[in-house]
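Chains, contacts and geometry: an overview
Listed here are the chains, written in short residue letters.
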Amino acid sequence: SRINVAASILYHIGSNEEKSTNHERVLLSWRASLQIMETGIREALLNLKPGLQRKEACIERCRLSNIISAFLLDFPTLSAIASPNSIVDEIAFIYKSIRAPKDL
């Protein structure tokens, strides 16, 4: 799931012709995806539904993250209109706000 989150972030922040900038963007995407996944898993565990095991809650959250990632790839890239950091912030907010596939 984290790879899908990182891929959706990297897609939206775009790439650059400079190798050093691309490396920085990949690192930004990878670090942000870790934070997004950790936040999502923590939230899933804090809001554990009665009768649902922790493992199942985590698996459910990972599935939701994959659905959100695929959803985000359906939109045009934002790299021409915003900075990479602001795009990451917006994407992180989307992952945090969506709690079920029906929210899409």
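The model shown is predicted, which means the values in this text are computed figures rather than measured ones. (Residues numbered from 1 in each chain as written. Predicted model: local features only at pLDDT ≥ 70, side-chain atom pairs only at ≥ 80, totals over all residues. Heavy atoms only, no water.)

This brings us to the overall build of the chain. Along the backbone of the chain there are 4 helices and 0 strands. If you list the helices and strands of the chain from N to C, you get α-α-α-α. In terms of overall size, the chain behaves like a compact globule, its C-alpha atoms giving a radius of gyration of 14 Å where 104 residues would be expected to give roughly 13 Å. Here the C-alpha coordinates of the chain stretch approximately 50 × 25 × 15 Å along the principal axes. Expressed as a percentage of the 104 residues in the chain, the buried residues total 28%. Excluding contacts between residues fewer than 6 apart, the proportion of contacts in the chain whose partners are at least 24 apart in sequence is 69%. Total accessible area on the chain is roughly 6,900 Å²; 57% of this is exposed by carbon and sulfur atoms. Taken as two groups, the 13 positive and 11 negative side-chain charges of the chain have centres that lie 8 Å from each other. (Helix = DSSP H or I, 4+ residues; strand = E, 2+ residues; numbered from the N terminus. Rg over C-alpha atoms; globule rule 2.2 N^0.38 Å. Buried < 20%, exposed > 50% of the residue type's maximum accessible area, 1.4 Å probe, protein only. Contact = heavy atoms within 4.5 Å. Areas by Shrake-Rupley, 256 points an atom, 1.4 Å probe, with all protein chains shown as cover. Lys, Arg positive; Asp, Glu negative; His and termini not counted. Charge placed at Lys NZ, Arg CZ, Asp CG, Glu CD.)

We now examine the confidence of the model for the chain. Averaged over the chain, the pLDDT score is 91; the fraction of residues at 70 or greater is 94%. Element-level pLDDT for the chain is lowest in helix H2 (residues 19–46), with a mean of 91, against a maximum mean of 96 in helix H3 (residues 54–72). (pLDDT = per-residue confidence, 0-100.)

Before going further, it helps to examine the side chain of Ser29. Within the fold, Ser29 resides in helix H2. Here Ser29 is in contact with Ala6, Ile9, Leu10 and Ile13, once residues within four sequence places are set aside.

This part covers the pattern of salt bridges. Summed over all chains, the structure comprises 3 salt bridges. Between Glu43 and Arg99 there is a salt bridge whose closest N-O contact spans 2.4 Å. In this pair, Glu43 is assigned in helix H2 and Arg99 in the segment after helix H4 (84–97), connecting sequence segments 56 residues apart. A relative accessible area of 54% places Arg99 in the exposed class. The closest approach of N and O atoms between Lys49 and Glu60, which form a salt bridge, is 3.6 Å. Of the two residues, Lys49 is situated in the loop between H2 and H3 and Glu60 in helix H3; the sequence distance between them amounts to 11 residues. Glu60 sits in the partly exposed class, given a relative accessible area of 39%. (Salt bridge = Lys/Arg side-chain N within 4 Å of Asp/Glu carboxyl O.)

As a further point, take the environment of Ile68. Considering the arrangement of structural elements, one finds Ile68 in helix H3. Note on Ile68: relative accessible area 0%, which makes it buried. Spatially, the C-alpha atom of Ile68 lies 10.0 Å from that of Arg99, the residues being 31 residues apart in sequence. Every residue in contact with Ile68, bar those within four places of it in the chain, is listed here: Arg61, Ile94, Tyr95 and Ile98.

The next point concerns the packing of helix H1 (residues 2–13) against H3. Taken N-terminus to C-terminus, the directions of H1 and H3 make an angle of 20°; their axes are 9 Å apart at the nearest point. Judged on the interaxial angle alone, H3 and H1 are roughly parallel. H1 and H3 meet at a crossing whose hand is left-handed. Here H1 contributes Asn4, Val5, Ser8, Tyr11 and His12 to the contact with H3, which in turn contributes Ser65, Asn66, Ser69 and Leu72. Here the residues of the contact of H1 with H3 sort into 3 nonpolar, 6 polar and no charged. (Axes fitted to C-alpha atoms, helices over the stretch in contact; angles between N-to-C directions. Parallel < 35°, antiparallel > 145°, perpendicular 65-115°, else oblique. Left-handed = near helix turned anticlockwise from the far one by under 90°. Nonpolar A, V, L, I, M, F, W, Y, C, P; charged D, E, K, R; others polar.)

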